[in-house]
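Tertiary structure, described
Each chain is listed here by its residues.
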Amino acid sequence: MASQADVLLRCLQEAAKAAKPALERCIDHAVAALQVAETQSLKISERDDLALAWRELLRHRDGWCAQYPGALLAAFSQPAKPAAQPVAARTPVPALAGADMFSLVDDTQVEEGIESSRLLQQVSPLVEQVLAELDGLMSSAQGLVNVRAQANPVRPEVYAQTLRTLLLGAPVAPAISALWIKHLGEPLGRELKRIYERLINVLELAKVQAASYRVLQTPASAGKKPGSAAAGTPAGDKPGAGPGAQGGPVGIGYASDEPFTRVPSHYADLSNYEVKDALFQDFLFRGGSNADHGLAPAYYATIEEELIALKGTPDSAQAALQAEPGPADTGTTGDDDRSYRGTRSDPRRPALPAQDADEGPDSPSRIVDVLSQLSSQVWGVYGRARERALVRTQLRKDATRVGQVLGMEVVKKLVNQVAQDPRLLVPVREAIVALEPSLLRLAMVDSRFFSEESHPGRRLMERVAQRSFKYNDEHNPAFDVFFHSLTEAFNGLNALEIEDARPFGAALAELQALWDEQDQHERDLRGNMRQTMQLAEERQAQADQIALDMSLRADLDHVPGVVLDFLFGPWALVMAHARLTDTARQIDPQGYGSLVTDLLWSVKREATLKRPGKLIAMIPGLLGKLHAGLASLGLDPGETEAFFDAMERLHRPVLKLRRVRSRRDAVESDNAPLEVALAETDLSDLSDLLPATPEQRKAKAAGQPWLAPQELDQAGFEDTLPSGPAALSATPEDDTPVHAVPDSGADDTPTAADGDDGRQPEDILMGLREGSWVDLYSRRHWLRAQLIWASTRGTLFMFVSHGGQPHSMTKRSCERLIRDRLLRPVQTHGVVAHALDHLVKEATPVDPQGRAA
């Protein structure tokens, strides 16, 4: 077996080796983000800075990525700075240090420190959870008995400072460096999380045991004064738990280089521990150094009393749980078998999206938590809060280890937190509450399943929540289908004796297979629509390049502007479309490119009058190919009517010349006297067909992809026209008159989208990614729609609502809808992760000044 020193060296080498591809991905992400920001900026100076920032990043990319691993290895070998005093957790990143802290440091060092701090502020939240586990393993690998976060050689500060040192080597202005820091922080955090997870795997495979808090045997707190540092604070005064308890068991205290602020002293009160207690923190953050310890007799005595009291509670009473009472329950009581759905004062009105139901006067929010009574028709016996409490208390009585009790406590709090997530429809929140018995049984055999994102139990909760974001109305028939399958799966799990996680995996697999089958038709529609939009975007990109190439031709002299407009616009699209759809991969499909030379010659009056025979022979084939090319594109004939009218007028002198020759019986068409032809030809109607100006001879890229009429219909552009302005919290009545959305500059239009965070519409729009859900008001109904495609330039967006109905909009239309609260993003970040984050915040110790320790 390798020594710990060898394992540590391997970890450092692995961390440095992984840094090169990680930095490559970070820079690629930052470059893409800077390019998007450049296209969206309205200020010339800002665009210039953004462009310079991403170009300089690309220029230094290879050099930095090659230097980063070596620089990190050198930084890893530097001894950690000793801490001035023990801390309870990793020292938080300061927002900005005061000037007095830098009184003996030059300005350059101050700037470096501030920039590093800014970078670390972005990285730290993304790695916080996985870093806590890595700190314990790395401390152990270094031979430390207790966890010392600052001794971890691969801590985020090292990565951030090393990267900042590389960035300082580039001769750029501070504003450019600040842009780099701003756009590199988030991807660096994600990459560090991956590296840390890999290091944890290496250490665990090497059988390294995480350093932990020292367990000290202390006498029971009977006779101790409240606040005694050795014994801690009792959790309560229940039988067998308080100072007067006889024969109290030996408790557990903690001592370490980084101690907790509170320590438990009694096993008997384990079931009633507050989240912030040290025992719970140790379990939540590090897995519990004493998770395998047994439970004291006083604990069982307390649980037995609770169980007896609970069994004596009548069914009609709300279950008494071992926690502080939650918010007042607004559900039904007892065996009320009414529908799980709420009531609506006006059934004519469409349902409001779940996120904003609490804003609407017609859809009052219903509080759901572990105390709530649910419908017995839907959930059977576990619809009653008392029955769920009985399962919870009985399992606590059956527990034999501390970890089992704490695991069930986490499950109860986790379920309670998810049940209060306002993003979820009420029936979905109630379903999570109904699943609690199965989750508690799972915690008995796997007490920390909630900490593994890939665990079937956690994945089932998360996938159900994510699937529910597809719906914004619990009264929708489609939601009924989803909810029916959900109740069958959850009730089936509640009926099982859980011995491992396999039943949860099987239930999720069945639900996922059902959802995939239901979504197949919609996936096919989405694929076709996305393909249409991607073709349009690629076609436009190629057309812009073709137009640019044509603008550099040497034979554009004396060509009227209307002809160049046609060539740079519709005909460039025809050529691009032919290239994209040509399966034979010809250089000039259909000869549309070679036609340009003939077309340009045919509109030059002096040249055609000298050789009228050539033009007359050319016209039929030329016009035929022009019409065929435009027809292949699906272009509306009305869009090119002006061009063909100009062509007819430009060719008219030669056609008149032909009639002159006919009257004079000319033998050779080229022998007709030019002076005679010009004398008999009226050129006055060509006065407006002047040669193109220098500005007209410049090809300009289109602002957004061109779409044929049938493509517009397929993309759902017409459907996105709103029937009237409305705030999400006040859905318009069915008799609301149809009128246009107010102009964005109107006095009564808010300057921001009122999206709670006060962001501007363009910022909200650019924050959307493919797969993002939004609430969209269309045709007098609120629809839950998903973004499935956005153009590369961010000028076109396609959303799809239930049934595969497309809704495509320009950037300007989207921003107007956001401004008028007719399009609102739905926050769909991890539901379980969000709930756990809330528990973590509750568990974080707070000092007397209200600051996190």
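Once a new chain begins, its residue numbering starts again from 1 and follows that chain's sequence as written. Local features in this predicted model are restricted to residues of pLDDT 70 or higher, and side-chain atom pairs are both shown and tallied only at a pLDDT of 80 or more, whereas totals for entire chains, interfaces and linings draw on every residue. Values reported for side chains reflect all heavy atoms of the structure, with hydrogen atoms and water molecules removed beforehand.

**With respect to the overall build of the protein**
For the record, the criterion: Secondary structure follows DSSP: runs of H or I at least 4 residues long count as helices, runs of E at least 2 residues long count as strands, and numbering of each begins at the N terminus. Think of it in three bands: residues with accessible area under 20% of the maximum for their type are buried, residues over 50% are exposed, and the middle band is partly exposed, with areas taken using a 1.4 Å probe on protein chains only. Contacts are assigned to residue pairs with any non-hydrogen atoms lying within 4.5 Å of each other.
Looking only at helices and strands, the protein features 25 helices and seven strands. Burial statistics for the protein: of 853 residues in total, 49% are counted as buried. Nonlocal contacts in the protein, meaning residues at least 24 apart in sequence, comprise 76% of its contacts between residues at least 6 apart.

**Let's talk about the packing of aromatic side chains**
What counts, and what does not: Only Phe, Tyr and Trp rings are paired, with Trp represented by its six-membered ring, and only when their centres lie within 6.5 Å; those with planes under 30 degrees apart are stacked, over 60 edge-to-face, the remainder tilted. Put simply, a charge is over a ring when the Lys NZ or the Arg CZ is close to the ring centre, within 6 Å, and near the line of the ring normal, within 35 degrees.
Enumeration according to the criterion identifies 18 aromatic pairs in this entry. These aromatic residues form a ring-pair network of at least three members: Trp 379, Tyr 471, Phe 479, Phe 482, Phe 483 and Trp 515. Just above the ring of Trp 601 sits the side chain of Lys 614; from NZ or CZ to the centre is 4.4 Å.

**Description of the pattern of salt bridges**
Opposite charge on two side chains allows them to pair when their charged atoms are near. Put simply, the rule reads: Salt bridges are defined by distance alone: a side-chain nitrogen of Lys or Arg within 4 Å of a carboxyl oxygen of Asp or Glu.
Scanning the model with the defined rule gives 31 salt bridges in all. Between Arg 652 and Glu 648 there is a salt bridge, with the nearest N and O atoms lying 2.5 Å from each other. One end of the pair is Arg 652 and the other is Glu 648, both in helix 20 (residues 641-664) and four residues apart, which spans about a single turn. The class of Glu 648 is partly exposed, set by a relative accessible area of 36%. The shortest N-O distance in the salt bridge between Lys 698 and Glu 695 comes to 4.0 Å.

**Thoughts on helix 1 (residues 4-40)**
Put simply, the rule is: By definition here, a helix of n residues has an expected span of 1.5 Å times n minus one. Bend angle per residue: angle between axes fitted to the 7 residues ending at that residue and the 7 residues starting there.
Over its 37 residues, helix 1 extends 52 Å from the first C-alpha to the last, a length consistent with the 54 Å expected when each residue adds 1.5 Å. Largest kink in helix 1: about 30°, centred on Ala 19, with the proline Pro 21 one to four residues after it.

**A look at the pairing of strand 4 (residues 781-790)**
The two faces of a sheet get side chains in turn, since along a regular strand they alternate between them. Inclusion rule: Pairing between strands is defined by DSSP: at least two bridges between them are needed.
Most of strand 4 sits out of view: seven of its 10 residues are buried. Here strand 3 (residues 773-778) folds back onto strand 4 in antiparallel fashion, the turn holding two residues, of which Arg 779 has a positive phi close to 55°. Counted between consecutive antiparallel strands, the loop separating strand 4 from strand 5 (residues 796-801) contains five residues, among which Gly 794 sits at a positive phi close to 70°.

**Some remarks on the pairing of strand 6 (residues 805-810)**
Burial analysis of strand 6 places five of its six residues in the buried class, the great majority of the element. Between strand 5 and the antiparallel strand that follows it, strand 6, lie three residues; Gly 803 among them carries a positive phi value of about 85°.

**Quick word on helix 9 (residues 385-398)**
An ideal rise of 1.5 Å per residue puts 20 Å on 14 residues; helix 9 measures up with 20 Å between its terminal C-alpha atoms. Helix 9 sits mainly inside the fold: 11 of its 14 residues count as buried. Where helix 9 is concerned, the buried positions are Ala 385, Arg 386, Glu 387, Arg 388, Ala 389, Leu 390, Val 391, Arg 392, Thr 393, Leu 395 and Arg 396.

**What to know about the nonpolar core**
Our working definition: Here, the term nonpolar core denotes a set of buried Ala, Val, Leu, Ile, Met, Phe, Trp, Tyr and Cys residues that are joined through side-chain atoms within 4.5 Å.
In this structure, Leu 414, Leu 460, Val 464 and Phe 490 are the most contacted members of the largest nonpolar core, which totals 69 residues. With 10 residues, the top contributor of residues to this core is helix 10 (residues 402-419). For Phe 490, the contacting residues outside a window of four places in its chain are Trp 379, Ala 431, Ile 432, Leu 435, Leu 460 and Val 464. Core analysis: the second largest hydrophobic core is formed by 57 residues, Leu 8, Ala 18, Tyr 68 and Ile 195 among them.

**Looking at the sheet that holds strand 3**
Let me state the cut-off plainly: Only C-alpha atoms enter the line fits that serve as axes; for helices the fit covers just the stretch in contact. Angles between N-to-C directions range over 0 to 180 degrees.
Strand order in the open sheet formed by five strands is 6-5-4-3-7, and the pairing between neighbours is antiparallel. The sheet terminates laterally at strand 6 and strand 7 (823-825), the two strands that pair on one side only. Between one strand and the next, the sheet's axes are offset by a mean angle of 35°, whatever the strand orientation. For strand 3 and strand 7, the ladder comprises three bridges, and the chain directions are antiparallel. Of the residues in strand 7, the one forming a bridge with Val 774 is Pro 825. Those strands touched by helix 24 (residues 811-819) are strand 3, strand 5, strand 6 and strand 7, and its axis lies near 100° from that of strand 6.

**A closer look at the side chain of Glu 711**
The line we're drawing: Under the rule applied, a polar contact is a pair of N or O atoms within 3.5 Å (in protein, one hydrogen donor and one hydrogen acceptor; residues adjacent in sequence only if both atoms are side-chain atoms).
Its location among the elements puts Glu 711 in helix 22 (residues 709-715). We classify Glu 711 as buried; its relative accessible area is 10%. Reaching out from Glu 711, the side chain makes a polar contact with the side chain of Arg 539 at a distance of 2.9 Å. A distance of 2.8 Å separates a polar side-chain atom of Glu 711 from the backbone nitrogen of Ala 708.

**Here's the deal with the environment of Pro 825**
Turning to its location among the elements, Pro 825 is positioned in strand 7. Along the backbone, Pro 825 and Leu 765 are 60 residues apart, and their C-alpha atoms lie at a distance of 8.5 Å.

**Things to note about the side chain of Arg 423**
Relative to the elements of secondary structure, Arg 423 occurs in the loop between helix 10 and helix 11 (426-434). A polar contact is formed between the side chain of Arg 423 and the side chain of Asp 421, at a distance of 2.8 Å. Separated by 3.1 Å, the side chain of Arg 423 and the backbone oxygen of Gln 827 make a polar contact.

**Describing the confidence of the model for the protein**
We apply this condition: Within a predicted model, pLDDT stands for the predictor's per-residue confidence, ranging from 0 to 100.
Averaged over all residues, the pLDDT of the protein equals 76, while 71% of them reach at least 70. Per-element confidence in the protein is highest for helix 11, whose mean pLDDT is 96, and lowest for strand 2 (residues 251-255), whose mean pLDDT is 32. pLDDT under 50 marks residues 213-269. Its contacts with residues more than four places away, or in other chains, come to 123 contacts.

**Digging into unusual backbone geometry**
Even without being glycine, Lys 207 reaches a positive phi, approximately 65°. Here Lys 207 is to be found in the loop between helix 5 (174-205) and strand 1 (214-218). Even without glycine at this site, Gln 590 takes up a positive phi of about 65°. Summarising the element assignment, Gln 590 is placed in the loop between helix 16 (561-581) and helix 17 (595-602).

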